[in-house]
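So you can see what is in the structure, the chains are spelled out below.
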Amino acid sequence: MREPGRTAIGTWSGGRFLRFGEAVEEERLEKLLCPGGGIDTLLTADAYGQGEADSVLGRALAGVPRDEYCLVGAVGHDFYEGERDGPKGFPRFTDPRLRGEGEYADYLRMAAERSLERIGVDSFDLLLLHNPDRIGYSSEVVWDGMAALREAGLAGQVGVAPGPANGFTLDIIDCLERFGERIDWAMIILNPFEPWPGELCLDAAERHGVKVITRVVDYGGLFWGDLRPGMELAQGDHRAFRPEGWIEAGLEKLERVLPYAERSGLTPIELACQWNLAHPAVECVVPTLIQEIGAAARPIEEKRAELAALPADQRLSDEDISAIRAIGDNANCMALKGASPEHEGEERPDRWPLSDDLTAVGARWGIDPARDLLSA
């Protein structure tokens, strides 16, 4: 078993399976995902392209000795029996309309085996529970099922990957408190311009011995350096959910943090990566590699090489880290997913009411939902 490295690439890069920038040619994506050149950790999720991302990654790994890379998978969206709900995607496997808890373990094993078959290997180094609903965070049966995959040799380690949007803070902490001895890794959103709310769960991860992978490190591509004011994004680009003017506002913040990068001999994306890695429990960064549209856009291969060249030594001081966080402070800037004091109505797969138990979880970690988890 290999542990995830400091830098990693996900199959959501390249725009084929999640619409960030142009959708690059399949052969080009395979070369991007092939381990080597300083990056040996690859992430995929079985729901991307309903298994197609697994197959692309499998072709990228063909012929590479298994001990030369770390393979991270994710299962949890049921595209085998569930029906896609437009942009919301496929239902979680714990949806009561699909199965009861007595079938959770069988589903997890089936999904893991099918994903491995598409990739063409026998086991994951790490398998994540992908975008769980409330049941996924809180069910002992679910985590018994995940632990069983480790015991069966289908995964060296297991973990949780909240999403797809930001939030789930108290749910993550509660999950770690309940099942931390079974959970090896967690993956969250974190970057210098989105420290909130991901930073709120890092102390809990550290205390429970759970290592953290951080995604969206690039802040929608801004830290790669090729977004410009008024720039047109590709049609259907996933970043359309961000508020109007986010590029211009982000570039203003970037100008303020560039002196810290220049003084430390770091590029903007290296600054973002090292800022993340300076936090408790954070062991791995996986920015999205985006091929922006237009002839002037940086080649995605150049971005991969820049990520691979991330300096091994931490060049940011505690003072730098605090100053950058103050510039990027985004507290209370959006409505969060997961358990929320703002939620009204029926429980949804990605949002549900705040329970008394979760309020108590927050109190144990100094998190006041009315102060720390509400949108302004």
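Treat the numbers as computed from the prediction; the structure is a model and nothing was measured. What you see as residue numbers is a count from 1 along each chain, following the sequence as written. Local features in this predicted model are restricted to residues of pLDDT 70 or higher, and side-chain atom pairs are both shown and tallied only at a pLDDT of 80 or more, whereas totals for entire chains, interfaces and linings draw on every residue. Based on all heavy atoms of the structure, the side-chain values leave hydrogens and waters out of the count.

Peer 1: Can you walk me through the overall build of the chain in this structure?
Peer 2: Put simply, DSSP H or I for four residues or longer makes a helix, DSSP E for two residues or longer makes a strand, and each gets a number counted from the N terminus. On a plain count of helices and strands, the chain comes out with 13 helices and ten strands. With the radius of gyration taken over C-alpha atoms, the globule rule is written as 2.2 Å times the number of residues to the power 0.38. The C-alpha atoms of the chain give 20 Å as radius of gyration, which agrees with the globular expectation for 376 residues (21 Å, within 12%). Expressed as lengths along the three principal axes of its C-alpha atoms, the size of the chain is roughly 55 × 50 × 40 Å. Throughout, exposure labels follow a simple rule: accessible area from a 1.4 Å probe, protein chains only, divided by the maximum for the residue type, with under 20% read as buried, over 50% as exposed, and the rest as partly exposed. Burial statistics for the chain: of 376 residues in total, 57% are counted as buried. Intrachain contacts of the chain at a sequence separation of at least 6 include 76% that bridge at least 24 residues. Reported accessibility uses the Shrake-Rupley method at a 1.4 Å probe radius. Residues are deemed covered only where the shown protein chains occlude them. Approximately 15400 Å² of the chain is accessible, and the part contributed by carbon and sulfur atoms is 47%. Working convention for charge: Lys and Arg count positive, Asp and Glu count negative, and His plus the chain ends are omitted. Lys charges are placed at NZ, Arg charges at CZ, Asp charges at CG and Glu charges at CD. Charge-centre separation for the chain: the mean point of 39 positive side chains lies 2 Å from the mean point of 66 negative side chains. Residue contacts follow a heavy-atom distance rule, with two residues in contact if any of their heavy atoms lie within 4.5 Å.

Peer 1: Sorry if this is basic, but what is going on with helix 2 (residues 52-61) here?
Peer 2: Turn by turn, an α-helix covers 3.6 residues, leaving residues three or four places apart pointing in a common direction. Helix 2 sits mainly inside the fold: seven of its ten residues count as buried. A53, D54, V56, L57, G58, A60 and L61 are the residues of helix 2 that are buried. Looking at the packing, one finds that the buried side of helix 2 touches helix 1 (26-33), strand 2 (41-43), strand 3 (70-75) and helix 3 (104-119).

Peer 1: Please clarify how the packing of helix 3 against helix 5 (residues 140-151) should be interpreted in this entry.
Peer 2: Helix packing geometry: the angle between the two helix axes and the distance between the axes. Every axis corresponds to a line fitted to the C-alpha atoms, with the helix fit spanning only the stretch in contact, and the corresponding angles, defined between N-to-C directions, vary from 0 to 180 degrees. Contact pair helix 3 / helix 5: the axes reach a minimum separation of 8 Å and the direction vectors enclose 40 degrees. When the interaxial angle is binned, helix 3 and helix 5 end up oblique. The hand of the helix 3/helix 5 crossing is right-handed. Here Y104, A105, L108, R109 and A112 of helix 3 lie close against helix 5, whose contacting residues are V141, V142, G145, M146 and L149. Any residue that is not Ala, Val, Leu, Ile, Met, Phe, Trp, Tyr, Cys, Pro, Asp, Glu, Lys or Arg is counted as polar, Gly included; the first ten are nonpolar and the last four charged. For the contact of helix 3 with helix 5, a count of residues per class yields eight nonpolar, one polar and one charged. Angular relationships are summarised with four words: roughly parallel below 35 degrees, roughly antiparallel beyond 145, roughly perpendicular across 65 to 115, and oblique for the angles in between. Here a crossing is called left-handed whenever its near helix is offset anticlockwise from the far helix by less than a right angle, and right-handed whenever the offset is clockwise.

Peer 1: Explain the nonpolar core to me, please; I cannot follow it from the model alone.
Peer 2: The nonpolar side chains of a soluble globular protein tend to be buried with one another. Ranked by size, the top nonpolar core spans 115 residues in total, and within it L43, L71, W143, I213, L254 and L271 carry the most contacts. By residue number, the principal contributor to this core is helix 8 (residues 246-264), which donates eight residues. The residues contacting L43, other than those within four sequence positions of it, are A8, I9, G10, T11, W12, V72, M187, I213 and V286. Joining through side-chain atoms within 4.5 Å is the link that ties buried Ala, Val, Leu, Ile, Met, Phe, Trp, Tyr and Cys residues into a set, and such a set is a nonpolar core.

Peer 1: Would you mind showing me how to read the sheet that holds strand 3 here?
Peer 2: What holds strands together in a sheet is hydrogen bonding between their backbones, with the strands either parallel or antiparallel. A pair of strands counts as paired when DSSP detects no fewer than two bridges linking them. If you trace the eight strands from one edge of the open sheet to the other, you get 1-2-3-4-5-6-7-8, paired in parallel fashion. With partners counted over all chains shown, the strands left at the sheet margins are strand 1 (9-10) and strand 8 (282-286), one partner each. Here strand 4 (residues 124-130) pairs with strand 5 (residues 155-161) via six bridges, running parallel. Within strand 5, the residue paired with H130 across the bridge is A161. The strands touched by helix 5 within the sheet are strand 4 and strand 5, with strand 5 carrying the most contacts at an inclination of about 150 degrees. Where helix 9 (residues 268-277) meets the sheet, it contacts strand 7 (211-215) and strand 8, and its direction lies at approximately 155 degrees from that of strand 8.

Peer 1: How should I be thinking about the pattern of salt bridges in this particular structure?
Peer 2: Two side chains carrying opposite charge are able to pair once their charged atoms lie near each other. Between Lys or Arg on one side and Asp or Glu on the other, a salt bridge is scored when a side-chain nitrogen of the former is within 4 Å of a carboxyl oxygen of the latter. Counted according to the given criterion, the structure contains 33 salt bridges. Notably, a salt bridge pairs E199 with R325, separated by 2.5 Å at the nearest N-O pair. With E199 in the loop between strand 6 (185-189) and helix 7 (202-207) and R325 in helix 11 (residues 318-328), this residue pair connects regions lying 126 residues apart in the sequence. Since its relative accessible area comes to 22%, E199 is described here as partly exposed. A single network of salt bridges, built from pairs that share partners, joins R16, E26, E30 and R59.

Peer 1: Can you walk me through the state of the cysteines in this structure?
Peer 2: By definition, a disulfide links two cysteine residues through a covalent bond between their sulfur atoms. Throughout, a disulfide means two cysteine sulfur atoms within 2.5 Å of one another. Taken as a whole and judged by the stated rule, the model has zero disulfides. The thiol of C201 is not disulfide-bonded; the next cysteine sulfur, from C175, is found 11 Å away. Relative accessible area serves as the criterion here: at 4%, C201 is assigned to the buried category.

Peer 1: Honestly, the environment of L43 in this entry has me stumped. Any pointers?
Peer 2: Residue placement: L43 occurs in strand 2. You can call L43 buried: its relative accessible area is 3%. Measuring from C-alpha to C-alpha, the distance between L43 and M231 comes to 29 Å, with 188 residues separating the pair along the chain.

All we've got here are geometric facts, nothing functional implied.
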